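Overview (structure and organization)
This is what each chain is made of:
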Amino acid sequence: MSSFKNSVKTSTTPKITATSETTRFHVDTLTTLSREIDVKKVSVSIGNNDLLVDAHLRLKDGVHYALTGRNGEGKSVLLRAISNKLIPGIPENIRILLVTQIQEEGSDADRLTIVQSVIKADARREQALTQYGLLSDSLSVSNPRAISEAVALVQVARAEAHLKQTQKIAERRSGARGAEARKQLLVAEAKTAETEQRLQSVRSGRYDPQDAAVASEMLNDIQATLDVIDASSTEARARVILIGLGFASTQLDEKLSTLSGGWRSRCALASALLQKPDLLILDEPTNYLDLVSVIWLQEYLNSFQTTTLVVAHDREFVDSVAQELIILRKNTLTYFDGNLSDYERENRIKLKGQIKMKEALDKKKEAIVKTIEHGYKTAKKTGDDGKAKMAKSRQKKLDDRWGLERSEKGGRFKLNRDLAGFHLASRSEIKIDHGDGAIKFTFPDPEPMRFPGALIQATAVSYAYPASEPTLQDVTLSIHPKSRIAFVGRMAKGRVKLLVGSIVPGKGTIERHSRLRLGYFEQLSVDVLSSAEISGNSALAHFAESIKQRFHINISEGEARAVLGSFGLGGRKSTDPIASLSGGQKVRLALAIVVYNAPDLLILDEPSTHLDVDSITALLIALRAYKGAVLIVSHDRHFVRCVVEGAPILESSGDSDASEDELSSHEAGGPREPGFVYQVGPKGKFKLLTRGVDEYAESMEKKMRKLALG
């Protein structure tokens, strides 16, 4: 057996470097009246890896965008570059908030309640309230010294806040722009020192009686700011948002420290929604939300007036919230006026048109080539110079004027208008864009069961964790070979673990087929692979070791590489540290391990989380073709419809050019009987949904719409 080498995890995070057209001309736009971002010639790299090269970054005020691209293209890096304003040309006055999948634990976690942590995350509001209280208290006592001290304290606080912001700008700039930023930093440092000296002077007894007028003016300005951000209703709005994101009303006054990482991510999301920045960036906001909360967030964002940039794997969520699409592909950004499904339908129509046009031209060219050959033969045989000249003329025309006859807009093709640059021919060659190539997952099919019967039979099962409401209550469920089942609803601990067998029911029985081979993909698989104990290993080494531990099989290096390659982890991806893989690539690694032994039943807990759109499509196709049974726990409505209910992967728009025949090329496994969708309700009750996930979504939309507008 070949040996597997572990890669060493690097201790330093590669630096993000960004330039733009602004960099080339050394133009610094620190403030602007516009809240739009329009920067040309943007290049972004991390370490030695170029993610963007001379791209155009454009975000119009008030528009909701979705950023899409394959795993590993650099979507999260681009979001960080925008939010940290690393890209020259992003106005400094635009307030940008980025909500990522992973939130750091704050120092106030032990003393703040959940609702307090959400409210206090708004630094602008907290600063305004603190300064308002300081000034109003000093004015109420009518003590000139107290008023002067309050004014001085506010001035110090503002100078320190400005200094902190100036330091951030100076740290991320270099060259001429960096030199100018460091000059501004020196000015800010001097201003801070000046305000601190004035504060000491006031405390020494040298105060100005005229500061009462200054304090009153400051107070009026702060009150105007508080009115703009609607500070008086902040707590009520925070509670509505938190409840919409899945928190119970009785839970909101508990300590933040009681929450897990996923629930803290919800708090971070609630804080961002509450603050209403100029640009809200959400990186996979639906990952730790159940379907109820996804629907609520979808409705809330649709009523949101702020510019929004979202990266998400949930197709229905993206289709609902996105007005425009930004496609990160081949180191550049392209824009599409519409949502993801519209974009894919248009691309398929375009591809089909390109193929038809090329086939027609190829057929026409074949006929012309035959006439040319016939002309030369005739001229040679008869000595007819006219025939030879005609054949030569046709050949010249074929060489010079063969290609596109119509532009993309449908008009007659003109070289100087439709194709810039120098060209050897007067027509453009027809190039068929097949995209980035199809992703394909290979799931080995299980052998037919020798003995008939259910794979799992749960009868009157109930279970509850200590001091918690029931996870399951009086549930009876049968899972047979080739079954397709989905659980939707509020997240509930233990419902899958009961079926897997890692915990036992409090009441009732769960019987499993004597020869059942079960594959279980856990939602936390990515977190496990990201742990310090594992992330330094290579995917190849971890895969081989996992197969050995789970199935007692010593897999060869060649076979391991082949399996990982079939999941898009070939080449260097298999030997680099797992830490270098994106979240979607880690999901692929976890799936490759789970399905290796051809399980009779696949239980998948939120498998589409972290995957890009193309990878989700590949997973859909693999699961539709898979001959074993599948049970899915998911909040992704599109995913459930396609895998369990047999819906098409992309609905036809009704256009004859995007017919079901054309779409069927992306299907697999042939027609299949629709499966069963169960709603997990309060207190662990199970309900079979006769109309599937649509029935549940419709009922939740009515309920959540009220909260979103509240």
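Structure: above.
In short, a report on the structure. Quick caveat: nothing in here was measured; it's all calculated off a predicted structure.

What counts and how
Residues numbered from 1 in each chain as written. Predicted model: local features only at pLDDT ≥ 70, side-chain atom pairs only at ≥ 80, totals over all residues. Heavy atoms only, no water. Pairing = 2+ DSSP bridges. Helix = DSSP H or I, 4+ residues; strand = E, 2+ residues; numbered from the N terminus. Axes fitted to C-alpha atoms, helices over the stretch in contact; angles between N-to-C directions. Contact = heavy atoms within 4.5 Å. Core = buried A, V, L, I, M, F, W, Y, C linked by side-chain atoms within 4.5 Å. Buried < 20%, exposed > 50% of the residue type's maximum accessible area, 1.4 Å probe, protein only. Salt bridge = Lys/Arg side-chain N within 4 Å of Asp/Glu carboxyl O. Parallel < 35°, antiparallel > 145°, perpendicular 65-115°, else oblique. Left-handed = near helix turned anticlockwise from the far one by under 90°. Nonpolar A, V, L, I, M, F, W, Y, C, P; charged D, E, K, R; others polar. Phe/Tyr/Trp six-rings, centres within 6.5 Å; stacked < 30°, edge-to-face > 60°.

Reading across the sheet, the three strands line up as S1-S2-S3 and stay open at both edges, with antiparallel pairing between neighbours. Lying at the two open borders of the sheet, with one neighbouring strand each, are strand S1 (16–19) and strand S3 (49–59). When strand polarity is set aside, the average angle formed by the axes of neighbouring strands in this sheet is 25°. Direction of pairing for strand S2 (residues 37–46) relative to S3: antiparallel, over a ladder of seven bridges. Paired with Val44 across the two strands is Leu52, which belongs to S3.

Bringing the sheet that holds strand S16 (residues 629–633) into the picture now. Backbone hydrogen bonds are what pair the strands of a sheet, in a parallel or an antiparallel way. Spatially, the six strands line up as an open sheet ordered S14-S15-S16-S12-S17-S18, and their pairing is mixed. Of all strands in the sheet, those bounded by a partner on one side alone are strand S14 (518–521) and strand S18 (686–688). Each adjacent strand pair in this sheet contributes to an overall mean axis angle of 15°, direction not counted. Note that strand S12 (residues 484–489) and strand S17 (residues 676–680) share five bridges and pair parallel. Across the sheet, the residue bridging to Gly489 is Val680, located in S17. Along the sheet face, helix H21 (residues 583–595) touches S14 and strand S15 (601–605) and points at about 165° away from the line of S14.

One finds Phe443, Phe543, Leu589 and Leu623 to be the most contacted residues of the largest nonpolar core, which totals 58 residues. The residues touching Leu623, leaving out its near neighbours within four places in the chain, are Phe443, Arg484, Leu602, Leu604, Val630, Phe639 and Val643. Formed by 42 residues, the second largest nonpolar core is a distinct cluster that contains Val99, Val115, Leu256 and Ala270.

Another point: the pattern of salt bridges. Considering all chains together, one arrives at 23 salt bridges under this definition. Glu235 is the partner of Arg239 in a salt bridge, and the nearest nitrogen-oxygen pair spans 3.2 Å. With Arg239 and Glu235 both in helix H8 (residues 234–244) and four residues apart, the pair spans about one turn of that helix. On the basis of relative accessible area, Glu235 is assigned to the partly exposed category, the value being 40%. Residues joined by salt bridges that share partners form a network here, namely Glu316, Arg637, Arg641 and Asp694.

Time to look at the packing of helix H4 (residues 123–141) against helix H5 (residues 144–171). Orientation of H4 relative to H5, taken along the N-to-C sense of each, is 165°, at an axis distance of 8 Å. Taken as axis vectors, H4 and H5 run roughly antiparallel relative to one another. Crossing angle aside, the handedness with which H4 passes H5 is left-handed. Counted together, Gln127, Gln131, Leu134, Leu135, Ser138, Leu139 and Val141 of H4 and Ala146, Ile147, Ala150, Val151, Leu153, Val154, Ala157, Arg158 and Ala161 of H5 form the full contact between these two elements. By residue class, the composition of the contact of H4 with H5 is twelve nonpolar, three polar and one charged.

Before going further, it helps to examine the pairing of strand S4 (residues 64–68). Counting buried residues in S4 gives five out of five residues, a clear majority hidden from the surface. Burial of the side chains of S4 extends over both faces: His64, Ala66 and Thr68 are buried on one face and Tyr65 and Leu67 on the other. In the sheet, S4 pairs with strand S7 (residues 307–311) via three bridges, with the strands oriented parallel. Bridging across to S7, His64 finds its partner in Thr308. For S4 and strand S8 (residues 324–329), the ladder comprises four bridges, and the chain directions are parallel. Considered in S8, the bridge of Ala66 is made with Leu325.

In the contact formed by H8 and helix H10 (residues 291–302), the axes pass within 8 Å of each other and the chain directions differ by 135°. The pairing of H8 with H10 is recorded here as oblique in orientation. Facing H8, whose interface residues are Val240, Ile241 and Gly244, H10 presents Ser293, Trp296 and Tyr300. A breakdown of the residues in the contact of H8 with H10 according to their chemical character gives four nonpolar, two polar and no charged.

What the rule picks out here adds up to twelve aromatic pairs. Between Phe443 and Phe567, the ring centres sit 5.9 Å apart and the planes meet at 20°, which makes this aromatic pair stacked. In this pair, Phe443 sits in the loop between helix H14 (415–418) and strand S10 (456–463) while Phe567 sits in the loop between helix H19 (557–566) and helix H20 (572–575), placing the two residues 124 residues apart along the sequence. In terms of burial, Phe443 and Phe567 fall into one category: buried. Following the ring pairs from residue to residue traces out a cluster consisting of Phe441, Phe443, Phe567 and Tyr626.

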